[in-house]
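Tertiary structure, described
Letter by letter, the chains look like this.
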Amino acid sequence: VQLVESGGGLVQPGGSLRVSCAVSGFTFSRLYMTWYRQTPGKERELVAGISSGGGSTNYADSVKGRFTISRDNAKNTVYLQMNSLKPEDTAVYYCNAQIINSRSDYWGQGTQVTVSS
């Protein structure tokens, strides 16, 4: 399973950004998808997750109401729309794919998101 994130960059506080994760090498509709983030010296933190069909999502308290996770199973892609960004959202954002009913999971290489004026 290969995951490739894209869409990171520099954005001002209060701005918006959408990151994407394109998946190949496995049936996308059998994957539970999650976005994590990590800053230097800290553990990787769960940001948002979405079920295989897209009908169920969950979010970290710190991003509820500001971030939206979605997926397009026809395009094998999961998205994270980030609005009202804050400097504390600055991190490397990673995409994770977990095979349903399996302990196997896979990671992308990460994409840097920097929120700064």
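Refer to the structure presented above.
Residues numbered from 1 in each chain as written. Predicted model: local features only at pLDDT ≥ 70, side-chain atom pairs only at ≥ 80, totals over all residues. Heavy atoms only, no water.

1. Some points on the sheet that holds strand β8 (residues 77-82)
Taken in spatial order, the four strands of this open sheet run β1-β3-β8-β7, and their pairing is antiparallel. Of all the strands in the sheet, just β1 (2-6) and β7 (67-72) have a single pairing partner and so form its edges. In this sheet, adjacent strand axes meet at a mean angle of 15° when their direction is disregarded. As judged from the six bridges shared by β7 and β8, these two strands associate in the antiparallel manner. Each bridged residue has a counterpart across the sheet, and for D72 the counterpart in β8 is T77. (Pairing = 2+ DSSP bridges. Helix = DSSP H or I, 4+ residues; strand = E, 2+ residues; numbered from the N terminus. Axes fitted to C-alpha atoms, helices over the stretch in contact; angles between N-to-C directions.)

2. Quick look at the pattern of salt bridges
Going through the model one piece at a time under the given rule, you end up with four salt bridges. Residues D89 and R37 are paired through a salt bridge, measuring 2.9 Å at the closest nitrogen-oxygen approach. Of the two residues, D89 is situated in the loop between β8 and β9 (91-99) and R37 in strand β4 (residues 31-38); the sequence distance between them amounts to 52 residues. Of the two residues examined, D89 and R37, each falls in the buried class. One network of salt bridges, with partners in common, ties together R37, E45, R66 and D89. (Salt bridge = Lys/Arg side-chain N within 4 Å of Asp/Glu carboxyl O. Buried < 20%, exposed > 50% of the residue type's maximum accessible area, 1.4 Å probe, protein only.)

3. Points about the state of the cysteines
Under the criterion given, the structure shown has one disulfide. Residue pairing for C21: its cysteine sulfur links by disulfide to C95, the two sulfurs lying 2.2 Å apart. Between C21 and C95, the disulfide has an S-S torsion of -85° and is therefore left-handed. Of this pair, C21 sits in strand β3 (residues 17-24) while C95 sits in strand β9, and the two are 74 residues apart along the sequence. The burial state of C21 is the same as that of C95; both residues are buried. (Disulfide = S-S within 2.5 Å.)

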